[in-house]
Amino acid sequence: FIEGGSLYDVFEAMGYAVATDRLFQMELNRRQARGRLSEVLGPEYLGTDVFLRTISYSDEELTEEFNALSDDAQTAVQGYVDGINRHIAEIQANWLLMPYEYWIASFYYVFIEDLGFNFLPEPWTVNDALAWTAMFFRGFDPEALKTGQLDNLVLLQTWAAVFPADYLAMFQDMRWINDPSAQTMIPAEGKRSFMSRPRLPNVTADSFPDVSGAAEAIRGRIETYQQQMEEIGARVRMGSYAWAVSGDKTESGNPMVYSGPQMGFDLPAIITEGSIRGGGLEVSGMHVPGMPGIAVGRTPHHAWSAQVGHAHTTDYYIEAPQSVVFNRFETINVAGGDPVTIPVFRSPHGPIINPLPFDPSNPPQFAVAWAYANWGHEADAVEALLDGARATSIEEFGVAVAKIGVSQHSCYADRDGNIAYWMTGFDPIRAAGVDPRFPQIGDGTQEWTGEFRPRP
């Protein structure tokens, strides 16, 4: 519970309070977001670090994102980080305050593994907070770290070899596509229902190269990453549900919103609870350790929820090797081993995630790029959470929630009698005729239009 002070003061106090309670959890969150797990957990995490560094922002990009925030959002992030570091400074002055996980790890590395180094808390930066915000949201996006398009194509190509006459219709039966004309309710008794004609794939198996090896490699990296996060207690789980009821359906005449975040039962939990009354804020609710702001909460004026949304946010692009360009080098320190320096490559569509790392001296037949619609928007969540907490009308909250860079459903109710629903995040409009069930071809014919679907 934080009361009084300026905007900087309350976020500095928030960072301090959360670090006092959850510093080691935040350590794992930060290392996950920054691809620094093998630095303390050893070489078995190197592959995960390579993958995470590849799909992450560079330090220069994170600094640009911070500088693009409003003055108030920058103040909130800086205050939050300073509060974390105030507690770390207390630990450095009195090691007895250090969370026991650091003691156990240091004892293990010095006396058991004989690696000769202590695992100690390090100061945070604003880039750490923004990197974790992005990684947390990607964990909550149903598509960001899934291989559905590649798996679909493998299925299509596999069936084509066995059932050449029927594989397109078989695929349609197995992998449906949204049909805006389809009936969405059970018809009343005596009414005729209808089914629209199935939309067969507008591609054939030989429209693409054989992607089975690439799909297996990418899926393996993602599954290894998620399994390793499960093992160390840092897996971000998806879920949640909510409902809103208008005042004409309640006994009191007031609208209600119920928010039920579902993220598993971990110790420590993925979230913590908090309340701020100061700095122009009066808000209570759910906080994600390491990410400034209240993510799901209530003010004297309104309350809101957040549940996993299902926008089509991710495309895999099949790239010609000549479309791939060098982006930067990343050096990964490895406990018990030598540092490993990797090159990060990108195409115009996004990071190259297969082959990983990409070797321009030995170019493959094709490369696979990861195109993510919320790329570059995740840091705006700090802006959104701040503005959403300060909103005094449904219109102001709607403007705030539009800044959230992840596909989420949000239900809302306020003292003015309103209930509302938004779906956040960015759902790109693709080129005409593109079948979203499959990867895209990066030859310039299947580019996103640069526009997004209207936010529901």
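Above this text sits the structure in question.
Residues numbered from 1 in each chain as written. Predicted model: local features only at pLDDT ≥ 70, side-chain atom pairs only at ≥ 80, totals over all residues. Heavy atoms only, no water.

Undergrad: Describe the packing of helix α8 (residues 148-162) against helix α10 (residues 212-231), listing the residues and the values that go with them.
TA: Think of two packed helices as two axes; the pair is described by the angle between the axes and how far apart they sit. Axis separation between α8 and α10 bottoms out at 9 Å; the angle between their running directions is 145°. Remark: the crossing between α8 and α10 carries left-handed chirality. When α8 is examined against α10, the residues L150, D151 and V154 are found in contact with a partner set consisting of S212, A215, I218 and R219. Residues that form the contact of α8 with α10 fall into these classes: four nonpolar, one polar and two charged. (Axes fitted to C-alpha atoms, helices over the stretch in contact; angles between N-to-C directions. Helix = DSSP H or I, 4+ residues; strand = E, 2+ residues; numbered from the N terminus. Left-handed = near helix turned anticlockwise from the far one by under 90°. Contact = heavy atoms within 4.5 Å. Nonpolar A, V, L, I, M, F, W, Y, C, P; charged D, E, K, R; others polar.)

Undergrad: Could you give an account of the layout of surface pockets, with specific residues and numbers?
TA: Unfilled space is identified by rolling a water-sized probe across the atoms. Within this model, the second largest pocket holds a volume of roughly 630 Å³. Around the second largest pocket sit 24 residues that line it, and P261, I271, E273, G285 and M286 are the ones nearest its centre. Going through the elements one at a time, β3 (256-260), β4 (272-278), β5 (281-287), β6 (296-298) and β7 (302-304) are the ones with two or more residues in the lining of the second largest pocket. Here the residues of the lining of the second largest pocket sort into 13 nonpolar, eight polar and three charged. (1 Å grid on protein atoms, 1.4 Å probe; cavity = no way out; pocket = protein on both sides within 12 Å on 5 of 7 lines; lining within 4 Å. Points joined across faces, edges and corners; volume = space filled by probe spheres on them.)

Undergrad: Provide a residue-level description of empty space enclosed by the protein, including the pertinent values.
TA: Enumeration according to the criterion identifies three cavities of 30 Å³ or more in this entry. A295, V296, A306, I404 and Q408 are, among the 26 residues lining the largest cavity, the residues nearest its centre. For the lining of the largest cavity, the secondary-structure elements that each account for two or more residues are α7 (126-140), α11 (380-390), α12 (394-401) and β14 (408-414). When grouped by side-chain class, the residues that make up the lining of the largest cavity number 19 nonpolar, seven polar and no charged. Roughly 60 Å³ of internal volume is contained in the second largest cavity. F11, I276, L281, V283, G293, I294, L385, L386 and A389 are the residues that line the second largest cavity. Elements that contribute at least two residues to the lining of the second largest cavity include exactly β5 and α11. The element best represented in the lining of the second largest cavity is α11, accounting for three residues.

Undergrad: Give me the side chain of E378: which residues, what numbers.
TA: Tracing the backbone through its elements, the reader meets E378 in the loop between β13 (367-372) and α11. In this structure E378 comes out as buried when scored by relative accessible area, which is 0%. A polar atom in the side chain of E378 sits 2.9 Å from the side chain of R138. Every residue in contact with E378, bar those within four places of it in the chain, is listed here: Y57, T133, A134, F137, R138, Y372 and G405. (Buried < 20%, exposed > 50% of the residue type's maximum accessible area, 1.4 Å probe, protein only. Polar contact = N/O pair within 3.5 Å; in protein donor to acceptor, adjacent residues only side chain to side chain.)

Undergrad: Run through the packing of helix α4 (residues 59-68) against α7, naming residues and quoting values.
TA: It is the contact of α4 with α7, at a shortest axis distance of 9 Å, that shows an interaxial angle of 90°. It follows that α4 is roughly perpendicular to α7 by the angle criterion. Seen from α4, the contacting residues are D59, L62, T63, E65 and F66; seen from α7, they are V126, N127, L130 and A131. Of the residues assigned to the contact of α4 with α7, the class counts are five nonpolar, two polar and two charged. (Parallel < 35°, antiparallel > 145°, perpendicular 65-115°, else oblique.)

Undergrad: Outline the sheet that holds strand β12 (residues 350-354), listing residues and values.
TA: The strand order across the open sheet built from six strands is β10-β11-β12-β13-β9-β16, with neighbouring strands paired in mixed fashion. Two strands close off the open sheet at either side, each with one partner strand: β10 (325-332) and β16 (440-441). Note: strand β9 (residues 314-319) against β13, six bridges, orientation antiparallel. Paired with Y317 across the strands is A369, a residue of β13. (Pairing = 2+ DSSP bridges.)

Undergrad: Talk me through the side chain of D414; I want residue IDs and the actual numbers.
TA: Tracing the backbone shows D414 in strand β14. Salt bridges are absent for the buried D414, whose nearest opposite-charge side chain, R415, sits at 8.4 Å. Engagement of the side chain of D414 in a polar contact is seen with the side chain of Y412, the distance being 2.7 Å. From its side chain, D414 meets the backbone nitrogen of D416 in a polar contact 2.9 Å long. Non-local contacts of D414, meaning those with residues more than four positions away in its chain, are made with P255, H301, H302 and I394. (Lys, Arg positive; Asp, Glu negative; His and termini not counted. Salt bridge = Lys/Arg side-chain N within 4 Å of Asp/Glu carboxyl O.)

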